[in-house]
Amino acid sequence: MTQINGAERAYLAMGNHQAGGKLPIFDQNGQEIPARVIRACLDKGLAERWFANPMKPDWLVCRITDQGRKMLG
């Protein structure tokens, strides 16, 4: 079974109740979510790329997957 840490859990929880499961790029304090957290969720299949932002191609715009929702319980 895939293990997730607290940062990954917090990131996934932010998208759990959003329309389409959209995951944020910034946290509640306006700080960018660390790319390592987003990439870890992508690598584990807990998040998936949603679309590429042409204005900011380095931003990882993602949404939570069904597997990610299951990990949250």
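Residues numbered from 1 in each chain as written. Predicted model: local features only at pLDDT ≥ 70, side-chain atom pairs only at ≥ 80, totals over all residues. Heavy atoms only, no water.

Novice: I tried to follow the pattern of salt bridges on my own but got confused; where do I start?
Specialist: Side-chain pairs of opposite charge can arise whenever the charged atoms involved come near each other. By the definition in use, this model includes two salt bridges. We note a salt bridge from E8 to K44, for which the minimum N-O separation is 2.8 Å. Of the two residues, E8 sits in helix α1 (residues 6–15) while K44 sits in the loop between α2 (35–43) and β1 (47–51), which places them 36 residues apart along the sequence. Residue class for E8 comes out buried when judged on its relative accessible area of 4%. Accessibility expressed as a relative area gives 27% for K44, which makes it partly exposed. (Salt bridge = Lys/Arg side-chain N within 4 Å of Asp/Glu carboxyl O. Helix = DSSP H or I, 4+ residues; strand = E, 2+ residues; numbered from the N terminus. Buried < 20%, exposed > 50% of the residue type's maximum accessible area, 1.4 Å probe, protein only.)

Novice: Looking at this model, I keep getting lost on the packing of aromatic side chains. Mind explaining?
Specialist: Each aromatic ring pair is summarised here by two numbers: the centre-to-centre distance and the angle between the ring planes. One pass over the full model with this rule turns up one aromatic pair. Here the aromatic rings of F26 and W59 are separated by 5.4 Å at their centres, their planes lie at 85°, and the arrangement is edge-to-face. With a gap of 33 residues between them, F26 in the loop between α1 and α2 and W59 in the loop between β1 and β2 (61–64) connect regions that are remote in the sequence. (Phe/Tyr/Trp six-rings, centres within 6.5 Å; stacked < 30°, edge-to-face > 60°.)

Novice: Which parts of the structure should I look at to understand α2?
Specialist: Turn by turn, an α-helix covers 3.6 residues, leaving residues three or four places apart pointing in a common direction. Of the residues making up α2, those classed as buried are V37, I38, A40 and C41. What you see down the axis of α2 is that its buried residues fit within an arc of 160°, all on one side. The outward face of α2, more than 90 degrees from its buried face, is lined by the exposed residues R36 and D43. Just beyond α2, the residue with positive phi is G45, at close to 75°. (Arc of directions from axis to C-beta.)

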